[in-house]
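Structural characterization, general
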Amino acid sequence: MSLNRRNVLKSLYTLGAMAVGLGPFEGMQVNASTATANKQALSGKKIIIVGAGISGLSAASLLKKHGASILVIEAKDYVGGRIKTDWSLGAPFEFGAGWIHGPSNNNPIKNLADRNGSKYFLTNDDSLELFDRNGRKIKEDKIDEIDAKWNHCLQKIDDKLSYNSQFNLHDAIVNECSKEWSDQGIKWAATAYAEFDIGGPIEKISASLYDEMKYFEGEDIIIASGYQKILSSLAAGLNIKLNSPVHKIDYRNALIHVDTEKESFKADYIVCSVPLGVLKTNQIEFKPNLPVKHLSSINKLGFGTVTKLALKFDDPFWNRNTQYFGTMTDEKGRWPYWLNYRTFSDENILLGLSFGNYARKADNMSQKEIVDDGLDVLKNIWKDKVTKVNNFIATSWLTDPFSRGAYSYVEETNKEYDFDNLLEPVSNKLFLCGEHTIFKYAGTTHGAYLTGQKAAQSIISIA
Ligand SMILES: Cc1cc2nc3c(=O)[nH]c(=O)nc-3n(C[C@H](O)[C@H](O)[C@H](O)COP(=O)(O)OP(=O)(O)OC[C@H]3O[C@@H](n4cnc5c(N)ncnc54)[C@H](O)[C@@H]3O)c2cc1C
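Note that this is a predicted model, so its numbers are computed, not measured. (Residues numbered from 1 in each chain as written. Predicted model: local features only at pLDDT ≥ 70, side-chain atom pairs only at ≥ 80, totals over all residues. Heavy atoms only, no water.)

Digging into the overall build of the protein chain
Keep this limit in mind: Secondary structure elements are taken from DSSP: a helix is a run of H or I of four residues or more, a strand is a run of E of two residues or more, and numbering for both begins at the N terminus. Radius of gyration here uses only the C-alpha atoms, and the compact-globule reference equals 2.2 Å multiplied by the residue count raised to the power 0.38. Remark: exposure states derive from per-residue accessible area (1.4 Å probe, protein chains only) relative to the maximum for the residue type, with buried under 20%, exposed over 50%, and partly exposed in between. Each accessible area is a Shrake-Rupley result for a 1.4 Å probe, and residues are judged covered by the shown protein chains and nothing else.
If you tally the helices and strands in the protein chain, you get 15 helices and 22 strands. In summary, the protein chain has a C-alpha radius of gyration of 22 Å against a globular reference of 23 Å for 463 residues, a match within 12%. The principal-axis extent of the C-alpha atoms belonging to the protein chain is close to 65 × 50 × 35 Å. Within the protein chain, the proportion of its 463 residues that are buried is 60%. Working note: accessible area of the protein chain is about 18,100 Å², and carbon and sulfur atoms make up 48% of it.

Structural notes on the pattern of salt bridges
We count it as follows: The rule for a salt bridge is simple: a side-chain nitrogen of Lys or Arg has to be within 4 Å of a carboxyl oxygen of Asp or Glu.
Applying the stated criterion across every chain, the model contains 22 salt bridges. For E176, the salt bridge identified is with K160, shortest N-O distance 3.7 Å. Placement of E176 in helix α6 (residues 169-176) and of K160 in helix α5 (residues 140-160) is noted, with a sequence separation of 16 residues between them. Its relative accessible area of 23% is what places E176 among the partly exposed residues. Here E331 and K361 are joined by a salt bridge, their closest N and O atoms 2.4 Å apart. Within this pair, whereas E331 is found in the loop between β17 (324-327) and β18 (337-340), its partner K361 is found in helix α12 (residues 356-363), the two being separated by 30 residues in sequence. Since its relative accessible area comes to 37%, E331 is described here as partly exposed. A relative accessible area of 43% means that K361 is categorised as partly exposed.

Examining unusual backbone geometry
Apart from glycine, the bulk of residues carry a negative phi angle, and the bulk of peptide bonds sit in the trans form. Omega for the bond connecting K287 with P288 falls within 30 degrees of zero, at -10 degrees, which places this linkage in the cis form. Inspection of the secondary structure puts P288 in the loop between β14 (285-287) and α11 (292-300). Phi is positive for K383, which is not a glycine, with a value near 45 degrees. Along the chain, K383 turns up in the loop between α13 (367-382) and β20 (391-394).

Examining the sheet that holds β20
Threshold: By the convention used here, strands pair only if DSSP detects at least 2 bridges between them. Axis definition: a line fitted to C-alpha atoms, limited for helices to the stretch in contact. Angles are taken between N-to-C directions and run from 0 to 180 degrees. By definition in these notes, contact holds between two residues if any of their heavy atoms fall within 4.5 Å.
Pairing in this open sheet of six strands is mixed, and the strands run β7-β17-β18-β19-β16-β20 from one edge to the other. Either end of the sheet is taken by a strand with one partner, and the two such strands are β7 (128-131) and β20. For this sheet, the mean inter-axis angle between neighbouring strands, taken without regard to orientation, is 15 degrees. In this sheet, β20 lies alongside strand β16 (residues 307-312) in antiparallel orientation, the contact comprising four bridges. The residue bridging A310 from the neighbouring strand is I393, located in β20. Packed on one face of the sheet, helix α8 (residues 184-198) meets β7, β17, β18 and β19 (349-354) and runs near 65 degrees to β18.

Looking at the state of the cysteines
Which entries qualify depends on this criterion: Cysteine sulfur atoms that come within 2.5 Å of each other are treated as a disulfide pair.
In this structure the tally under the stated criterion is one disulfide. The disulfide bridge from C153 ends at C177, spanning 2.2 Å between sulfur atoms. Its torsion about the S-S bond being 110 degrees, the disulfide of C153 and C177 is classed as right-handed. Taken together, the residues span a long stretch of sequence, with C153 in helix α5 and C177 in the loop between α6 and α7 (178-181) at a distance of 24 residues. Across the pair, exposure class does not vary: C153 and C177 are buried alike. C272 takes part in no disulfide bond, and the closest cysteine sulfur to it belongs to C433, at a distance of 8.0 Å.

Focus on the packing of helix α4 (residues 108-115) against helix α15 (residues 445-462)
To be explicit about the condition: Orientation labels follow simple angle bins: below 35 degrees gives roughly parallel, above 145 gives roughly antiparallel, 65 to 115 gives roughly perpendicular, and whatever is left gives oblique. Only Asp, Glu, Lys and Arg are considered charged in this grouping, and only Ala, Val, Leu, Ile, Met, Phe, Trp, Tyr, Cys and Pro are considered nonpolar; every other residue, Gly among them, is considered polar.
At a closest axis distance of 8 Å, the pairing of α4 and α15 adopts a crossing angle of 90 degrees. It follows from the interaxial angle that α4 and α15 lie roughly perpendicular. For the pair formed by α4 and α15, the contact residues are P108, I109 and L112 on the first element and T445, H446, Y449 and L450 on the second. Along the lines of polarity and charge, the residues of the contact of α4 with α15 split into five nonpolar, two polar and no charged.

Let's talk about the packing of aromatic side chains
Formally: Note on ring pairs: Phe, Tyr and Trp rings are taken, using the six-membered ring of Trp, and paired if centres are within 6.5 Å. Classes follow the plane angle, with under 30 degrees stacked, over 60 edge-to-face and the rest tilted.
Inspection of every chain in the model, using the stated rule, returns 19 aromatic pairs. With centroids separated by 4.8 Å and ring planes inclined at 90 degrees, the aromatic side chains of F317 and W318 adopt a geometry described as edge-to-face. Classification of W318 as buried rests on a relative accessible area of 5%. Of the aromatic side chains, those joined through ring pairs into one cluster are W99, W188, Y193, F196, Y324, Y337 and F355.

What to know about the pairing of strand β11 (residues 256-260)
Burial within β11 is extensive, with four of its five residues counted as buried. Bridge analysis of strand β10 (residues 246-250) against β11 gives four bridges, and the strand direction is antiparallel. Looking at the pairing, K248 lines up with D259 of β11. Between β10 and β11, which pair antiparallel in sequence order, lie five residues. Of the strand pairs in this sheet, β11 and strand β12 (residues 264-267) are connected by four bridges, and their pairing is antiparallel. Bridging across to β12, I256 finds its partner in A267. Where β11 folds back onto β12 in an antiparallel hairpin, the turn is made up of three residues.

Observations concerning the sheet that holds strand β6 (residues 120-122)
Taking strand neighbours across the sheet as the criterion, the three strands line up as β5-β8-β6 in an open arrangement whose pairing is antiparallel. Among the strands making up the open sheet, the edge pair consists of β5 (99-100) and β6. Looking at chain direction, β6 and strand β8 (residues 221-223) are connected through three bridges and run antiparallel. By the bridge assignment, F121 is partnered in β8 with I222.

A short note on the packing of α5 against α6
The N-to-C vectors of α5 and α6 enclose an angle of 100 degrees; their axes lie 10 Å apart at closest approach. For the element pair α5 / α6, the angle class is roughly perpendicular. Of the residues in α6, those in contact with W150, C153, K156, I157 and K160 of α5 are L169, A172, I173 and E176. Taken together, the residues that form the contact of α5 with α6 break down as six nonpolar, no polar and three charged.

Function-wise, these values are silent; they only describe arrangement.
Here is the structure:
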């Protein structure tokens, strides 16, 4: 998920919230004195955490500090979930989270990354070359014009729609800005900014709520030393069982039973941090079923996908100093945004991103199809300068059985509480957490981390 410089409305909202003292952490911080006072409050308690992503690890490490006996059960063969770094291309390829959004001192992910000795690269959204559908470079003043039109259009929608309006962003743009919508630059902005930022297709994103989320301050940063490394201190000393998908959670009795295919475990409390896509596809049987309120949220909330494709070449045929390339294509969402690795590494890699409905298509392509598809977009610009691909990596979060998508987003019929409801304890025994359980920071690593803290705090206060 990305907060783009051109998304003026959001930035203004954040600054406004800060100015009136609505700190982004409100109600989410762990009270240090309580934490110290209850240091052994959970002594003798067994707690199972399902899922070793950032939210699950955040809960596990706090609960361990309070004396609980912790078992983390993870379906995959690695720790991190949607934080996963691959070094096979010679530079960090991030399967999931790639940027720390708003790396201010308040941002818990920045603090975690600092603690783990991370190295950073400060991104610059203004370093952008944009190309039209014919592969022609667009002049800088025309890019500014597109940005101005896009922001004007969002402002018009914001002025027109009330908080309770149930319009999707696409319909709102077509209704309020029909003239602008005929501009291919606006169609590009809709996908490269809105669909990337929110993680769903504009045909489904809520027009009234999508810009109500909050952000930490500061320009986004890339972790040049790899995102996954930030998890080291959280995971240290935890008992983590990998390759063990949980398929049943029975919380009818005082002791909760958790079943994987081969084993059964018992616990006093359970934190379930699996992604929304896993909950939506009923891969885990809950006994009794989750409360209606939780089920309703799980059904209603949007869960989209974003596809990443890294293409490595022997030599750069592009401008090595430009950070991002924007590419307008006939089909909305088809590789509209490329990150140039030469700006922060020695590797000749272009990282393409697909969004919205097109990302669903890309996630279902074969490896050959996806590479050819990305190359096709590059060849429209750099023609026969595009050389043979030396190596590549492509993601497919939609087909990943333990995710079923990239991150949650607010659909036109959703309300803030559809996210926040999910954090409410179930029978004071079962606690959900994850990026989909917090409206204001949905779809981010910091949001996921904070929900893990919140789930842990709930257990500490109950026990
Ligand atoms: C392509 C992409 C780009 C992103 N970009 C950014 C970004 O730039 N910045 C940012 O802040 N955020 C970004 N995000 C979002 C961020 O990665 C997530 O919000 C965050 O990592 C989610 O953490 P989590 O703990 O909620 O879920 P996860 O990390 O998904 O953890 C859940 C864990 O549960 C496990 N699991 C699933 N089913 C079972 C089961 N049955 N039994 C046991 N374990 C199970 C999973 O394998 C996983 O390890 C991006 C995500 C994606 C996919």
